[in-house]
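Coordinate inspection notes
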Amino acid sequence: MVEIYSYGDFVEGLLAAGFALGGSNAESIYTLVPWDWREQPPYDPPVRWHTGDPETDPWEWRMRVLTERDDIAYGKVFFKKSGYITRAWYPYFLAARRQGRTLFEAYEEGQVSREAKRVYEALLAADSLPAHELKRRAGFSSQEKAPFERALTELQMRLYITVCGRQQKRSQTGEGYGWPSAAFCTAERFWGCGLFREADALSPREAEEAIARQVYRLNPEAPPKKVQKFIRG
């Protein structure tokens, strides 16, 4: 077990692992902080969930990596739950999940929902958008929270979009108010074209095999079926 005592330890461990679940539940794969706020840690770290301390609260780290670094992505990428993927491993997941298809190609093949396409098209017209504004621009009503959330998760799982920060709602005078919501952008905008050229050079099979090898390095007891679901989304 990698012992995590601070944000710096977390980043170091994540870069070495390449990917990890975002919460305390490892889903039989791998997480760097395998306890939540209700559980006794397996060692005695200062790390505690939901304290608001940016050095020792894992909940704060998900946004710190986005604002302070350019080599870690965060979003709902594993089992429809939050997770991290480093730049070094993102091309492998792209090759395994997108297999070189644009969203519109995947949509024509029936692999992407109409709701997800609406969200993606709205996001393409902007550099990035907070969830509340993205929902409005994609034409979802206040009663359509569930289909909008499903579309967001679908797009993140297929690595077409990713979280790129957070943003408050704005009043007519431009003042921020309320709790900030996650902001999203396309994966292409987040990473740039170079990473996608790396993904295009990988076959889906070799990408899956490389990820599987790394999973078993991190967790030799990972169940094979879970590993396949982890890789393919």
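Residues numbered from 1 in each chain as written. Predicted model: local features only at pLDDT ≥ 70, side-chain atom pairs only at ≥ 80, totals over all residues. Heavy atoms only, no water.

Quick word on the overall build of the chain
- Each helix and strand counted, the chain has 11 helices and 6 strands in total.
- Against the compact-globule benchmark of 17 Å for 233 residues, the chain has a radius of gyration of 18 Å, which places it among compact chains.
- Along the longest, intermediate and shortest principal axes, the C-alpha atoms of the chain span 50 × 45 × 30 Å.
- Every one of the 233 residues in the chain was classed for burial, and the buried ones make up 48%.
- In the chain, the proportion of contacts linking residues at least 24 apart, taken out of those at least 6 apart, comes to 59%.
- Surface summary for the chain: the accessible area is close to 12,000 Å², and the carbon and sulfur share equals 47%.
- For the chain, the distance from the average site of its 33 positive side-chain charges to the average site of its 32 negative ones is 6 Å. (Helix = DSSP H or I, 4+ residues; strand = E, 2+ residues; numbered from the N terminus. Rg over C-alpha atoms; globule rule 2.2 N^0.38 Å. Buried < 20%, exposed > 50% of the residue type's maximum accessible area, 1.4 Å probe, protein only. Contact = heavy atoms within 4.5 Å. Areas by Shrake-Rupley, 256 points an atom, 1.4 Å probe, with all protein chains shown as cover. Lys, Arg positive; Asp, Glu negative; His and termini not counted. Charge placed at Lys NZ, Arg CZ, Asp CG, Glu CD.)

Focus: helix H10 (residues 204-218)
- Between the first and last C-alpha of H10 there are 21 Å, a value that for 15 residues agrees with the 21 Å anticipated at 1.5 Å per step.
- Every buried residue of H10 is accounted for by Ala207, Glu208, Ala210, Ile211, Ala212, Gln214 and Val215. (Expected span 1.5 Å × (residues − 1).)

Quick notes on the packing of aromatic side chains
- Under the defined criterion, the tally for this structure stands at 19 aromatic pairs.
- Ring centres of phenylalanine 93 and phenylalanine 230 lie 5.9 Å apart, and the angle between their planes is 80 degrees; this geometry places the pair in the edge-to-face category. On the criterion of sequence distance, the pair formed by phenylalanine 93 in helix H3 (residues 90-97) and phenylalanine 230 in helix H11 (residues 224-232) is long-range, its members being 137 residues apart. In terms of burial, phenylalanine 93 and phenylalanine 230 fall into one category: buried.
- A cation over an aromatic ring shows up here: arginine 64 above the ring of tyrosine 7, its NZ or CZ 3.7 Å from the ring centre.
- Note that lysine 226 overlies the ring of phenylalanine 79, its terminal NZ or CZ placed 5.3 Å from the centroid. (Phe/Tyr/Trp six-rings, centres within 6.5 Å; stacked < 30°, edge-to-face > 60°. Lys NZ or Arg CZ within 6 Å of the ring centre and 35° of its normal.)

Some details on the pattern of salt bridges
- Under the counting rule described, the total for this entry stands at 16 salt bridges.
- Arginine 64 serves as the salt-bridge partner of glutamate 68, at 2.9 Å between the closest nitrogen and oxygen. Placement of the pair is glutamate 68 and arginine 64 together in helix H2 (residues 58-68), with a separation of 4 residues, close to one helical turn.
- Here glutamate 109 and arginine 101 are joined by a salt bridge, their closest N and O atoms 2.7 Å apart.
- A cluster of three or more residues bridged by salt bridges with shared partners is formed by Glu27, Lys81 and Lys226. (Salt bridge = Lys/Arg side-chain N within 4 Å of Asp/Glu carboxyl O.)

Digging into the pairing of strand E2 (residues 72-78)
- Burial analysis of E2 places 6 of its 7 residues in the buried class, which makes it a mostly covered element.
- Pairing of E2 with strand E3 (residues 81-86) involves 6 bridges; the strand directions are antiparallel. Its bridge partner being in E3, isoleucine 72 is matched across the sheet by threonine 86.
- Connecting E2 to the antiparallel partner E3 that follows it, the hairpin turn spans 2 residues, and phenylalanine 79 within it adopts a positive phi of roughly 55 degrees. (Pairing = 2+ DSSP bridges.)

What to know about the pairing of E3
- Strand direction decides the pairing type here: strand E1 (residues 19-21) and E3, joined by 3 bridges, are antiparallel. For leucine 21, the partnering residue across the bridge sits in E3 and is glycine 83.

With respect to unusual backbone geometry
- Located in the positive-phi region is glutamine 99, a residue other than glycine, with phi close to 50 degrees.
- When you line up the elements, glutamine 99 lands in the loop between H3 and helix H4 (103-108).
- Although it is not a glycine, leucine 159 adopts a positive phi angle of roughly 65 degrees.
- When its relative accessible area of 0% is taken as the criterion, leucine 159 is described as buried.

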